[in-house]
Amino acid sequence: MPNRTMAQRGDTLACTEGILETAGMSPVMRKLASQIQLAAATDASVFVVGESGAGKELVARAIHAASDRKDQPFVAVNCGAISGSLAHAELFGHEKGSFTGAVTQSAGYFESASGGTLFLDEVTEMPPDMQVHFLRVLETGTYQRVGGSDLLRANARIICASNRDPAASVADGRLRQDFLHRLLVIPLRVPPLREREADAVILAQRFLDALNERHQTRKVFSRRMLDAMARYDWPGNVRELRNAVQRAYILADAELNLELAARPRAARQAEVRDGQLSLPLGTPLGDAQREFILATLAHYAGDKRLAAESLGVSLKTLYNRLDVYEKGDPGAPRG
Ligand SMILES: Nc1ncnc2c1ncn2[C@@H]1O[C@H](COP(=O)(O)OP(=O)(O)OP(=O)(O)O)[C@@H](O)[C@H]1O
Ligand SMILES: [Mg+2]
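In this report, the structure presented in the accompanying data block is examined. (Residues numbered from 1 in each chain as written. Chains lettered and ligands numbered in written order. Predicted model: local features only at pLDDT ≥ 70, side-chain atom pairs only at ≥ 80, totals over all residues. Heavy atoms only, no water.)

It is worth spelling out the site of ligand 1 at this point. Close contacts around ligand 1 come from 16 residues, with Ser52, Gly53, Lys56, Leu58 and Arg239 the closest. The separation between an oxygen atom of ligand 1 and a polar side-chain atom of Ser52 is 2.7 Å. Against a free-state accessible area of 630 Å², the protein chains account for coverage of 86% of ligand 1. Breaking the shell around ligand 1 down by element, the ones donating at least two residues are α2 (9–20), α4 (56–65), α10 (199–215) and α12 (237–251). By residue class, the composition of the shell around ligand 1 is seven nonpolar, four polar and five charged. (Near = heavy atom within 4 Å. Polar contact = N/O pair within 3.5 Å; in protein donor to acceptor, adjacent residues only side chain to side chain. Areas by Shrake-Rupley, 256 points an atom, 1.4 Å probe, with all protein chains shown as cover. Helix = DSSP H or I, 4+ residues; strand = E, 2+ residues; numbered from the N terminus. Nonpolar A, V, L, I, M, F, W, Y, C, P; charged D, E, K, R; others polar.)

Now the structure itself:
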């Protein structure tokens with residue numbers, strides 16, 4: 001059974017500490033760190049919401065690592081990737097001979113996470129029939145392997161994550177209300193990087209320190225790159241930041257330089273909450289359009305076809321707009 005948790009273990013240990021190391025960081029991150037500690041002391045289900053690349057999985061791993069379950073497995077399942085006839089067997093395991101190809105008995109993700117933590121990533125993408133089944137398992141505390149009759153006791157702590165707003169996901173029929181109730185005992189929000197002003201530079205320095213240490217170098221950021229990083233609003237969040245530092249590090253001899261297509265922060269006061277976008281009056285039309293397009297794309301989890309459809313434009317038009325935004329020319333009336 002594929003288990004990306006194991007493969008990433010080495011990388012992860014350093015990181016999970018990362019999210020709890022908030023010295024000098026924004027108050028929202030310090031608050032998140034204390035919420036992680038509180039959540040870790042309980043067995044309650046946690047629902048982590050945040051934009052792509054903001055650090056949701058890291059939060060889940062940090063909760064696990066700070067909990068009594070830390071020496072037991074952390075199993076991550078991408079709910080968007082499990083579907084179809086084998087989904088039940090993947091999650092809950094199967095007995096030998098229960099379907100064609102089931103040559104041996106196999107534990108599912110749920111059983112593998114027993115005693116530890118099951119991380120349901122992109123939980124809003126879980127197929128509806130699976131949500132019903134899962135809810136029943138959580139409510140009864142027992143489950144059966146596919147084709148099996150033994151009742152197994154459920155003993156995995158559930159943490160789930162989504163970059164969609166859970167209430168909006170219920171409203172648009174993706175997520176069952178009763179399932180959400182069960183999952184959302186402790187809600188946590190990982191703020192996007194643009195909401196935590198100084199954190200980008202602090203994180204960037206940590207990433208650079210780690211690279212310097214690993215490769216025995218002493219490279220530094222140029223003043224220009226530091227300024228650019230502080231001004232940029234990081235639509236891809238910490239993942240984008242980490243990649244940017246890595247790229248600049250590879251290209252640099254001694255001083256890291258990287259052009260970031262920064263747009264003035266002041267222009268970006270859009271806020272998405274509960275599936276609604278709000279913009280200050282007086283926002284230039286070009287900026288408003290950009291915010292609306294980017295928020296729609298985020299709402300559809302980056303699915304450009306769905307986003308284009310809902311915006312009533314062709315896929316080509318959407319690509320043209322995104323291309324313009326990427327080049328940092330917000331208001332350009334092209335495409
Ligand atoms: N506070 C942090 N300190 C160090 N690294 C971080 C921090 N937050 C995020 N990262 C790194 O940024 C990358 C993205 O984080 P993560 O995978 O947890 O994001 P995510 O919210 O789950 O993204 P997605 O929605 O795309 O799955 C990872 O490489 C992670 O290690
Ligand atoms: Mg993730």
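Next comes the rest of the account.
Taken as a whole and assessed by the stated rule, the structure comprises eight aromatic pairs. With centroids separated by 6.1 Å and ring planes inclined at 55°, the aromatic side chains of Phe134 and Phe179 adopt a geometry described as tilted. Of this pair, Phe134 sits in helix α7 (residues 128–140) while Phe179 sits in helix α9 (residues 177–183), and the two are 45 residues apart along the sequence. Phe179 matches Phe134 in its accessibility class, with the two residues each being buried. Plain terms: the ring middles of Tyr232 and Trp234 are 4.6 Å apart, the flat faces sit at 90° to each other, and that makes the pair edge-to-face. Ring-pair connections join several aromatic residues into one group, and the members of that group are Phe92, Phe110, Phe134, Tyr143 and Phe179. Lys219 extends its terminal NZ or CZ atom over the ring of Tyr249, reaching a point 4.1 Å from the ring centre. (Phe/Tyr/Trp six-rings, centres within 6.5 Å; stacked < 30°, edge-to-face > 60°. Buried < 20%, exposed > 50% of the residue type's maximum accessible area, 1.4 Å probe, protein only. Lys NZ or Arg CZ within 6 Å of the ring centre and 35° of its normal.)

All right, on to the packing of helix α13 (residues 285–299) against helix α14 (residues 304–311) then. Closest axis-to-axis distance for the α13/α14 pair is 8 Å, and the angle between their directions is 130°. Taken together, α13 and α14 sit at an angle that is classed as oblique. Every pair of crossing elements has a handedness; the one defined by α13 and α14 is right-handed. From α13, Phe292, Ile293, Thr296 and Leu297 reach across to α14, where they touch Lys304, Ala307, Ser310 and Leu311. Classifying every residue of the contact of α13 with α14 gives five nonpolar, two polar and one charged. (Axes fitted to C-alpha atoms, helices over the stretch in contact; angles between N-to-C directions. Parallel < 35°, antiparallel > 145°, perpendicular 65-115°, else oblique. Left-handed = near helix turned anticlockwise from the far one by under 90°. Contact = heavy atoms within 4.5 Å.)

Here we take up the sheet that holds strand β6 (residues 157–162). With respect to topology, five strands assemble into an open sheet ordered β2-β3-β6-β1-β7, the strand pairing being parallel. Looking at strand neighbours, the two that pair on one side only are β2 (74–78) and β7 (186–190), the edges of this open sheet. Strand-to-strand twist of the sheet, defined as the mean angle between neighbouring strand axes without regard to direction, takes the value 20°. Pairing geometry for strand β1 (residues 46–50) and β7, over five bridges, is parallel. Bridge assignment links Val48 to a residue of β7, and that residue is Leu188. (Pairing = 2+ DSSP bridges.)

What follows covers the side chain of His94. Here His94 lies in the loop between α5 (87–92) and α6 (109–112). Of the residues examined, His94 reaches a relative accessible area of 11% and is grouped as buried. Setting aside residues no more than four positions away along its own chain, His94 makes contact with Ala89, Phe99, Ala102, Thr104, Gln105, Ser106, Arg145 and Val146.

All right, on to the packing of α10 against α12 then. Their axes nearest at 10 Å, the elements α10 and α12 cross at an angle of 45°. For the element pair α10 / α12, the angle class is oblique. Where α10 crosses over α12, the handedness of that crossing is right-handed. Mapping the contact onto sequence places Ala200, Leu203, Ala204, Phe207, Leu208, Leu211, Asn212 and His215 in α10 and Val238, Leu241, Arg242, Val245, Gln246 and Tyr249 in α12.

Of all the 10 residues making up α4, eight are buried; the element is thus mostly covered by neighbouring parts of the structure. Residues of α4 that are buried include every one of Lys56, Glu57, Val59, Ala60, Arg61, Ala62, Ile63 and His64, and no others.

Counted at 1.5 Å a residue, the expected span for α13 with its 15 residues is 21 Å, and the 21 Å between its end C-alpha atoms agrees. If you check which residues of α13 are buried, you get Gly286, Asp287, Ala288, Arg290, Glu291, Ile293, Leu294, Ala295, Thr296 and Leu297. (Expected span 1.5 Å × (residues − 1).)

Turning our attention to the environment of Asp172. With respect to the helices, strands and loops of the structure, Asp172 is situated in the loop between α8 (166–171) and α9. Given the relative accessible area of 40%, Asp172 is considered partly exposed.

Even without a glycine there, the phi angle at Trp234 is positive, about 50°. As for its placement among the helices and strands, Trp234 is situated in the loop between α11 (223–231) and α12. The exposure class of Trp234 is buried, given its relative accessible area of 1%. Despite not being glycine, Asn237 shows a phi value in the positive range, around 55°. Counting through the fold element by element, Asn237 comes out in helix α12.

The next thing to look at is the pattern of salt bridges. Applying the stated criterion across every chain yields a total of 15 salt bridges. Of the charged contacts in the structure, one is a salt bridge between Asp43 and Arg69, with a shortest N-O distance of 3.0 Å. On the criterion of sequence distance, the pair formed by Asp43 in the loop between α3 (27–40) and β1 and Arg69 in the loop between α4 and β2 is long-range, its members being 26 residues apart. Of the residues examined, Arg69 reaches a relative accessible area of 12% and is grouped as buried. Salt bridges sharing common partners tie together Glu125, Arg164, Asp172 and Arg174. (Salt bridge = Lys/Arg side-chain N within 4 Å of Asp/Glu carboxyl O.)

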